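Structural overview for review
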Amino acid sequence: MTVLKAQLAKLAKGLTADPVPAAPATDLTVAPSTAADAAAILRFASEQGLKVLFWGGGTHQGFGYQVEPDIVMTTSRLNRVVDWQPEDLTVVVEPGLPVADLRAMLEQREQTAVLPENSDGATVGGTVASGISGWRRLRYGPTRDRVLETELVTGDGRVVKAGGRLVKNVTGYDLPRRATGSFGALGLIASVCLKLWPLTVERAMLEVTDPAEALRRAYRPHAVVETNEGTTVYLAGTAAELTAQADVIGGRLIAGHRWPPPLAGSWVLIVRISPAAVRRFVDLIRASDWPFQAAHGTGEIRFVVDEKDTPLLDEVRAEAEAGGGRLIVERASGAAQFDP
């Protein structure tokens, strides 16, 4: 192993970085600044059987089992905007670019990549690799629908580009959709082209009592979100359209969009189920008095449990899987035994 470390240190000369806070302790942390640099390191790691953990902002590391890597590869130096075409509604960025920075840039031209709204500390690459979508999925679809092109560095050190910035020119295997949500299993996303949307200037909320009825009456809402405090419908459009929506749905318009904050707790879980089953799971979670956030129309429910309640999760998982859904651990303390 000493010889391998020496060889790797020589290969990674100029690419080493300080250990990343919160990342697993390893003998080597590398920060490539090009896809070619990343490919060289991954090729060597593959040949020698070394495990590499990709690290962006670290905000999605709670999913699945924890990795004990030999090398941590941070994307902190792969953080550039490669190309932005506002007229074509596309942007190409490297994976280490913070989502907040991309959002601020796009808002200068009243555009959005519709990435998750609560993304403090998250990077574009980590968000795409995790397949995470925001509350506005009901209106715009999941994140994977906006990934037009990826440059991927495979685990054995090949650089592969797939997809295309002009959708009509794309043929072949849809690797960008496979890379989205792959958690790095297919390789490092070295760059990604995202489809953009115009940012609707007029936005408003309605507080309602019946999410199912609101979903039926609303015209293309951004989201219908239920929490322990109640249900909010998120709307966008012209002032006249918002007023008409309020008349149809019922309720008083509240200016702007204020999204639910991230759930706090050592155990945060997600139920992904058919939209028709959301009401049943919300009632189940409410009965246990767990804090929750349910996205009606898309079938995703986030909730928090105390460590003492984790034995009940087997019942929730069985209920979800019986309906063709899944129970996923987003964040866990690790003290209790439960399959993530």
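Residues numbered from 1 in each chain as written. Predicted model: local features only at pLDDT ≥ 70, side-chain atom pairs only at ≥ 80, totals over all residues. Heavy atoms only, no water.

**Overview of helix α8 (residues 239–249)**
Convention followed: Three labels apply to residues, based on accessible area from a 1.4 Å probe with only protein chains included: buried if under 20% of the type maximum, exposed if over 50%, partly exposed otherwise in between. Numbering of helices and strands runs from the N terminus, with a helix taken as a DSSP run of H or I at least four residues long and a strand as a DSSP run of E at least two residues long. Taking the helix axis as origin, the arc is that swept by the directions to the C-beta atoms. Note on definitions: a residue-residue contact is assigned when non-hydrogen atoms from the two residues lie within 4.5 Å.
What α8 keeps buried is the set Leu-242, Gln-245, Ala-246 and Ile-249. Mapping the buried residues of α8 onto a view down its axis gives an arc of 100 degrees, with all of them on the same face. The exposed set on the far side of α8, more than 90 degrees from its buried face, consists of Ala-240 and Asp-247. Looking at the buried residues of α8, the elements they touch are β11 (203–208), α7 (211–217), β13 (230–236) and β14 (253–255). Positioned one or two residues after α8, Gly-250 has a phi angle of 95 degrees, which is positive.

**Focus on helix α2 (residues 35–48)**
Put simply, the rule is: Expected helix span is taken as 1.5 Å per residue step, with the number of steps being one fewer than the number of residues.
The end-to-end C-alpha distance of α2, which contains 14 residues, comes to 20 Å, matching closely the 20 Å that a straight helix rising 1.5 Å per residue would cover. Listed as buried for α2 are Ala-35, Ala-38, Ala-39, Ile-41, Leu-42, Phe-44 and Ala-45. At the C-terminal side of α2, Gly-49 shows a positive phi close to 70 degrees.

**Side note on the pairing of strand β3 (residues 71–74)**
Residues in a regular strand point their side chains to alternate faces of the sheet. Heads up, the rule is: Between any two strands, at least two bridges found by DSSP are needed for them to pair.
Burial along β3 is two-sided: the face carrying Ile-71 and Met-73 and the face carrying Val-72 and Thr-74 are both buried. Pairing of strand β1 (residues 28–30) with β3, which is carried by three bridges, proceeds in the parallel orientation. Paired with Val-30 across the two strands is Met-73, which belongs to β3. Here strand β2 (residues 52–55) runs beside β3; their pairing, made up of four bridges, is parallel. Its bridge partner being in β3, Phe-54 is matched across the sheet by Met-73.

**Some points on the environment of Arg-137**
Note on placement: Arg-137 falls in helix α5 (residues 137–140). For the pair formed by Arg-137 and Thr-298, sequence separation is 161 residues and the distance between their alpha carbons is 7.3 Å.

**Description of the packing of helix α9 (residues 278–287) against helix α10 (residues 313–322)**
For clarity, the threshold we go by: Fitting a line to C-alpha atoms yields each axis, with helices limited to the stretch in contact; the angle taken between N-to-C directions then spans 0 to 180 degrees. Should an angle fall under 35 degrees it is taken as roughly parallel, and over 145 as roughly antiparallel, whereas 65 to 115 is taken as roughly perpendicular and any remaining angle as oblique. Polar here means any residue other than Ala, Val, Leu, Ile, Met, Phe, Trp, Tyr, Cys and Pro, which are nonpolar, and Asp, Glu, Lys and Arg, which are charged; Gly is therefore polar.
Relative orientation of the contacting elements α9 and α10 amounts to 170 degrees, with a least axis distance of 12 Å. Classed by the angle they form, the pair α9 and α10 counts as roughly antiparallel. Contacts between α9 and α10 involve Arg-280, Phe-281 and Leu-284 from the former and Glu-315, Val-316, Glu-319 and Ala-320 from the latter. For the contact of α9 with α10, the class distribution of residues is four nonpolar, no polar and three charged.

**Brief notes about the sheet that holds strand β5 (residues 90–93)**
A sheet is described by the order of its strands in space; here five strands give the open sequence β4-β5-β9-β7-β8, paired in antiparallel fashion. The strands lining the two open edges of the sheet, one partner per strand, are β4 (81–85) and β8 (159–163). For this sheet the average axis-to-axis angle between neighbouring strands, irrespective of direction, equals 10 degrees. Sheet strands in contact with α2 are β7 (147–153), β8 and β9 (188–195), and its direction is about 50 degrees off that of β7.

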